[in-house]
Each structure stands twice: as C-alpha cells, then as structure tokens.
Amino acid sequence: MLLGQRARAQSRTVRYLDGDLKSGTLSAFYNRERSRPPSLDPVDFRGWVLEALDQMEADRVSRLLDVSGGSSSMEELLRDLQLPKYCEANDFEFAWLCVLGPDLEDFEHVRTAVQAGHMKPRHWCSR
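Residues numbered from 1 in each chain as written. Predicted model: local features only at pLDDT ≥ 70, side-chain atom pairs only at ≥ 80, totals over all residues. Heavy atoms only, no water.

Draft legend 1. Examining the pattern of salt bridges more closely. Counting across every chain of the model gives 4 salt bridges. Close ionic contact of Glu108 with Arg111 constitutes a salt bridge, the shortest N to O distance being 2.4 Å. Placement of the pair is Glu108 and Arg111 together in helix H6 (residues 104-115), with a separation of 3 residues, close to one helical turn. Residue classification places Glu108 among the partly exposed residues on the basis of a relative accessible area of 26%. (Salt bridge = Lys/Arg side-chain N within 4 Å of Asp/Glu carboxyl O. Helix = DSSP H or I, 4+ residues; strand = E, 2+ residues; numbered from the N terminus. Buried < 20%, exposed > 50% of the residue type's maximum accessible area, 1.4 Å probe, protein only.)

The following block contains the structure:
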C-alpha cells in the first residue's frame, strides 16, 4: 500500500492487484480500484496475472500485486511467471516489497526465495 500511496502522491496512476484472497488487504483499502483473481486455483490465478500484465503493457500504468506467502503452489507459479524478467524485457521497473510479521515463518519465505534465486538484490527497491 505504501508504494501505491507514494505513486499517487507523485500524481501517478496505480492499479491494485489483490492476489491474497486470504487476507484481502488491498481490497479492504482500495475496494473500488482493485482486481482479484476469480479463485485460488493456479490456472485462474495465472490467467488473471497474465491478463493484468497484458493490460499494463498496453496502458503503461503501474500495477501493485499483493500475494500471500507460504503456498507452495503460489511460489511455483510466481517462479514460473518470472515477473522480474518479464518486466525488464518490457521496460518496466520491478521491485519486490516483502512485509514481514513477527513470526520466523514470515522471514523464512523471503530467505527461501532469495536462496533459490527468485528474489535478487538487483530487484530490491532502494529509493
């Protein structure tokens, strides 16, 4: 949400993609301005993300995607989509934002992604 608020403060348009159907944080704050996948089914989720990427390529409007950690099928899907590479190939800036809770499990999701090479320091936003 912080990145979206920052973009809006700079008069940029942002589209919110709430892929975390468990908590629905983005939906709670941006109900009218967000998109959600039709279900947790990996096929539905993949189609929803790909459609959003096609729209982003066409309208050149930033997307903020919220996904839940901890789901192995979700982690596999995100790895297969290779969003950083897609964004780079289409001249979009990609940034990971990891929000960690107080549980060690939260940290483990990030550590595992970094060790597997899915999240790399060059993808981190330092601004």
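Draft legend 2. Region of the structure containing the sheet that holds strand S3 (residues 62-66). With parallel pairing, the 3 strands of this open sheet are ordered in space as S2-S1-S3. Looking at which strands have only one partner, the edges of the open sheet turn out to be strand S2 (34-35) and S3. Relative to S3, strand S1 (residues 14-18) runs parallel, the two being bridged by 5 bridges. Looking at the pairing, Asp18 lines up with Asp66 of S3. Helix-sheet contacts for helix H1 (residues 2-9) involve S1 and S3, and the interaxial angle to S1 is about 165 degrees. Docked against the sheet, helix H3 (residues 42-59) engages S1, S2 and S3, running at close to 160 degrees with respect to S3. (Pairing = 2+ DSSP bridges. Contact = heavy atoms within 4.5 Å. Axes fitted to C-alpha atoms, helices over the stretch in contact; angles between N-to-C directions.)

Draft legend 3. Broad picture of H6. Here H6 contains 12 residues, and its C-alpha end-to-end distance of 16 Å stays within 8% of the 16 Å for a straight helix at 1.5 Å per residue. Immediately beyond the C-terminal end of H6, within one or two residues, lies Gly117, with a positive phi of roughly 85 degrees. (Expected span 1.5 Å × (residues − 1).)

Draft legend 4. Molecular detail of the nonpolar core. Phe45, Val49, Leu53, Leu83 and Cys87 are the most contacted members of the largest nonpolar core, which has 15 residues in total. Mapped by element, the contributors of at least two residues to this core are H3, helix H4 (72-81) and helix H5 (83-89). Ranked by the residues each element gives to this core, the list is headed by H3, at 6 residues. Those residues in contact with Cys87 that sit more than four places away from it in its chain are Met56, Phe92 and Phe94. Of all hydrophobic cores here, the second largest spans 6 residues; its members include Ala7, Tyr16, Leu26 and Leu64. (Core = buried A, V, L, I, M, F, W, Y, C linked by side-chain atoms within 4.5 Å.)

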